[in-house]
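An overview of the molecular structure
Single-letter residue listing:
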Amino acid sequence: SQELEQSPQSLIVQEGKNLTINCTSSKTLYGLYWYKQKYGEGLIFLMMLQKGGEEKSHEKITAKLDEKKQQSSLHITASQPSHAGIYLCGAEHNNAGNMLTFGGGTRLMVKP
Amino acid sequence: SAVISQKPSRDICQRGTSLTIQCQVDSQVTMMFWYRQQPGQSLTLIATANQGSEATYESGFVIDKFPISRPNLTFSTLTVSNMSPEDSSIYLCSVARGAREQFFGPGTRLTVL
């Protein structure tokens, strides 16, 4: 099994609807990163979570970290077509410095 | 954030040849990494580029196939050697500073015929 599982793998939502993407680690988390990738492009850093219970927001995107469950969730409120893309979570599984293991990604489509 | 550039942005290469990808950052960074993203898949770490010493490779990646240089704190190169169609991927460099934010370059899209 993968060290970092993302769900769902793909998601189609109507514009204006809320959605949640989950990322679950099979190993201890020292840090959890969320990125957005548009097709064929590089990754855009969204936010990084480190402490249990930490919650960060960027515009209409909120991410939370449940350290005990080794899980993070990314929540988008009132989705827009500009939110479409691939969302990737990346985990630090040791404290040696920034090497990330990535989940499989969630492909999000927002229908206008 | 860091401004990261990669060259080339894309290339089409013949089997058996080698390609060197450059990664330039606009400021000094502590850590630089190289990732590969195969078609339709997520990212896999190839190696950590260490300044002034040999890169640290992840399982499944070796120096002979992916030699890496990092002559200073703002620049690194990744060479994909003796290429085969299986090497067709997007190659991304990423950088991290002490603040534990990690940023990615725009990627190099490689197609091997």
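Everything numeric here is computed off the predicted structure, so don't read it as measured data. (Residues numbered from 1 in each chain as written. Chains lettered and ligands numbered in written order. Predicted model: local features only at pLDDT ≥ 70, side-chain atom pairs only at ≥ 80, totals over all residues. Heavy atoms only, no water.)

Here we come to the sheet that holds strand S3 (residues 19-25) of chain A. All names here are of chain A. If you walk across this open sheet you meet the five strands as S1-S3-S8-S7-S6, and the pairing is antiparallel. Because the sheet does not close on itself, it has two edges, and the strands there are strand S1 (4-7) and strand S6 (55-58). Within this sheet the neighbouring strands show an average axis-to-axis angle of 15°, counted without direction. With six bridges joining them, strand S7 (residues 61-66) and strand S8 (residues 71-76) adopt antiparallel strand pairing. Bridging from a neighbouring strand, Lys 64 pairs with Ser 73 of S8. (Pairing = 2+ DSSP bridges. Helix = DSSP H or I, 4+ residues; strand = E, 2+ residues; numbered from the N terminus. Axes fitted to C-alpha atoms, helices over the stretch in contact; angles between N-to-C directions.)

Under the criterion given, the structure shown has twelve aromatic pairs over all chains. Each ring, one from A:Tyr35 and one from A:Phe45, has its centre 5.8 Å from the other, and the planes form 70°; the classification is edge-to-face. Taken together, the residues A:Tyr35 in strand S4 (residues 31-37) and A:Phe45 in strand S5 (residues 43-49) connect sequence positions ten residues apart. A:Phe45 matches A:Tyr35 in its accessibility class, with the two residues each being buried. Between B:Phe33 and B:Tyr35, the ring centres sit 6.5 Å apart and the planes meet at 55°, which makes this aromatic pair tilted. (Phe/Tyr/Trp six-rings, centres within 6.5 Å; stacked < 30°, edge-to-face > 60°. Buried < 20%, exposed > 50% of the residue type's maximum accessible area, 1.4 Å probe, protein only.)

What follows covers the state of the cysteines. All told, the structure shown has two disulfides over all chains when counted by the stated rule. A:Cys23 shares a disulfide with A:Cys89; S-S distance 2.0 Å. Because the torsion about its S-S bond is 75°, the bridge between A:Cys23 and A:Cys89 counts as right-handed. Of this pair, A:Cys23 sits in strand S3 while A:Cys89 sits in strand S9 (residues 85-92); the two residues are 66 residues apart in sequence, bridging distant segments of the chain. Through a disulfide, B:Cys23 is tied to B:Cys93; the S-S separation comes to 1.9 Å. Sign of the S-S torsion, about 60° for the bond between B:Cys23 and B:Cys93, identifies this disulfide as right-handed. Taken together, the residues span a long stretch of sequence, with B:Cys23 in strand S3 (residues 19-25) and B:Cys93 in strand S9 (residues 89-96) at a distance of 70 residues. Pair check on accessibility: B:Cys23 and B:Cys93 agree, each one buried. Free cysteine B:Cys13: the closest other cysteine sulfur is in B:Cys93, separated by 18 Å. (Disulfide = S-S within 2.5 Å.)

All names here are of chain A. Taken as a whole and judged by the stated rule, the model has four salt bridges over all chains. Across the pair Glu 3 and Lys 27 runs a salt bridge, and its minimum N-O distance is 3.0 Å. Of this pair, Glu 3 sits in the segment before S1 while Lys 27 sits in the loop between S3 and S4; the two residues are 24 residues apart in sequence, bridging distant segments of the chain. By relative accessible area, Glu 3 is classed as partly exposed at 30%. Notably, a salt bridge pairs Lys 56 with Glu 54, separated by 3.8 Å at the nearest N-O pair. (Salt bridge = Lys/Arg side-chain N within 4 Å of Asp/Glu carboxyl O.)

For the rest of this paragraph, the subject is the interface of chain A and chain B. Contact with chain A, which involves 21 residues of that partner, is made by 19 residues of chain B. Carbon and sulfur atoms make up 52% of the surface buried where chain A meets chain B, a total of about 1,600 Å² over both sides. At the junction of chain A and chain B, the tally comes to zero salt bridges. Summed over the shared surface of chain A and chain B, the result is three residue pairs in polar contact (both at pLDDT 80 or more). Secondary structure elements with two or more residues in the side of chain A that touches chain B: S4, S5, S9 and strand S10 (100-102) of chain A. Classifying every residue of the side of chain A that touches chain B gives ten nonpolar, nine polar and two charged. (Contact = heavy atoms within 4.5 Å. Buried area = accessible area lost by both parts, 1.4 Å probe. Polar contact = N/O pair within 3.5 Å; in protein donor to acceptor, adjacent residues only side chain to side chain. Nonpolar A, V, L, I, M, F, W, Y, C, P; charged D, E, K, R; others polar.)

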